[in-house]
Amino acid sequence: MTVGPSRPTGESTVTPYLYLLVTMVMFGSAFASSKVVVGEMPHEVAAALRFGGGGLLLISLAVVLRGRSRPIGREAALRAGLLGLLGVLAYNICFFWGLSLAPSLDGSVIVPVLSPILTTAALIVLGREKASWTRVTGLTVGVTGALLFLPGVGGGAADADRLAGDLVFMAGAACWASYSVLSKSLLVGVDPLRATAWGTGVGGLGLVLLALPEVGRVSWPEVSGVAWANAVFLAIGPTAIAYLFYYQGLRRVSPSTATTMMFTVPLFGFFFSTVFLGETFTAMQFVGTLIMLGGALFAVFGNRLARRASP
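It should be emphasised that the depicted structure is a prediction, and the values quoted were computed from it without experimental measurement.

Novice: I'm lost on the packing of aromatic side chains in this one. Help?
Specialist: Two aromatic rings are characterised by how far apart their centres lie and by the angle between their planes. Under the criterion given, the structure shown has 16 aromatic pairs. When the ring of W176 is compared with that of Y246, the centres are 5.1 Å apart and the planes differ by 50°; the resulting orientation is tilted. With W176 in helix α6 (residues 160-186) and Y246 in helix α8 (residues 225-250), the pair connects residues that are 70 residues apart, well separated along the chain. Of the two residues, W176 and Y246, both sit in the buried class. Aromatic rings pair up to connect F27, F31, F51, Y91, F95, F96, W176, Y179, Y243 and Y246 into one cluster. R50 extends its terminal NZ or CZ atom over the ring of F95, reaching a point 5.5 Å from the ring centre.

Structure follows, in structure tokens:
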């Protein structure tokens, strides 16, 4: 039996989209910020700092607010932990590994564009959603924008490392799409803060264990204050806040709608990459980003507009 998105009484229909929009801003900032961190330490250590800190923050918040939420239960906690291995551990291995090989601009396009396509395809194959013309059109427009943008990324021919990084980013997109589809069943009747804390905590612990052999390679006294500031920001913003808000939004909209919102991530990703990393932002990239954003908005709101326009 398919369970549709639920919305608490009195909550605006706009609220879940605001949750997701904040999430996408945080996700967009993570590419440039993480690039700074992986520039001074192995990608395994950078991932562990981000999700080790973010997991501790979410667990602490869940403990403080435990009286305001329902207990998660043993079975739901187990499922949340398993999802954490997919959406936190596996995804972020690909995320940080890809950043160590390819420009942050590549990741901020490949991951958010490919994730909705894979999510929608999976849901159609599973029979959980229908391929409406508005959704297909929106995704097609989004992909068209990406095709216009990609030739301008980096400004040069891809070398072996960059190609490998892009392939790793694609694997990360598949992890995130799977995480979004599977999380929908977990969120039915489960407190989002507790589910996020369990999933992030388990995934973060896995990243910490993977990072232990690499800790000795880091010259800790030489790590700059800028890198530490970005590591702290990654733990708080793109991890604790973003994952919690993503759960909140995913409780009330479909997985394909939530991942379609990821088409907005390149817009924010290019802003942060341009401002903080000085990466180029060409006219083609700007046009492609606007087209991707338009496709995402049409895929999310197209059905509603079509119903209003019909007699």
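Novice: Looking at this model, I keep getting lost on the environment of G295. Mind explaining?
Specialist: Turning to its location among the elements, G295 is positioned in helix α11 (residues 283-309). G295 sits 153 residues away from G142 along the chain, and the two C-alpha atoms are 4.6 Å apart.

Novice: Where do I start with the nonpolar core in this structure?
Specialist: Generally speaking, nonpolar side chains in soluble globular proteins are found buried as a group. Counting residues in hydrophobic clusters, the biggest one holds 54 residues, and the most contacted among them are M24, W176, Y243 and Y246. When contributions to this core are tallied by element, the ones reaching two or more residues are α1 (15-38), α2 (43-64), α3 (74-101), α4 (104-125), α6, α7 (192-211), α8 and α10 (265-277). In terms of nonpolar packing, the next biggest core, distinct from the first, is built from eight residues, L139, F263, F270 and M292 among them.

Novice: Explanation requested: the confidence of the model for the chain in the structure shown.
Specialist: The predicted coordinates of low-pLDDT regions are not to be read in fine detail. On average, residues of the chain score 80 in pLDDT, and 83% of them reach the 70 mark or higher. The least confident element of the chain, judged by mean pLDDT, is helix α9 (residues 255-260) at 70; the most confident is α1 at 90. Taken as a whole, residues 1-10 scores under 50 in pLDDT and shows 14 contacts with residues more than four places along the chain or in a different chain.

Novice: Please clarify how the environment of Y91 should be interpreted in this entry.
Specialist: Note that Y91 resides in helix α3. Apart from residues no more than four positions distant in its own chain, Y91 is found in contact with L86, V111, G172, C175, W176 and Y243.

Novice: Please clarify how the environment of A231 should be interpreted in this entry.
Specialist: Within the secondary structure layout, A231 lies in helix α8. By relative accessible area, which is 9% here, A231 ends up buried. When the C-alpha atoms of A231 and R50 are compared, they prove to be 6.0 Å apart, with 181 residues separating the residues in sequence.

The rules behind the values
Residues numbered from 1 in each chain as written. Predicted model: local features only at pLDDT ≥ 70, side-chain atom pairs only at ≥ 80, totals over all residues. Heavy atoms only, no water. Phe/Tyr/Trp six-rings, centres within 6.5 Å; stacked < 30°, edge-to-face > 60°. Helix = DSSP H or I, 4+ residues; strand = E, 2+ residues; numbered from the N terminus. Buried < 20%, exposed > 50% of the residue type's maximum accessible area, 1.4 Å probe, protein only. Lys NZ or Arg CZ within 6 Å of the ring centre and 35° of its normal. Core = buried A, V, L, I, M, F, W, Y, C linked by side-chain atoms within 4.5 Å. pLDDT = per-residue confidence, 0-100. Contact = heavy atoms within 4.5 Å.

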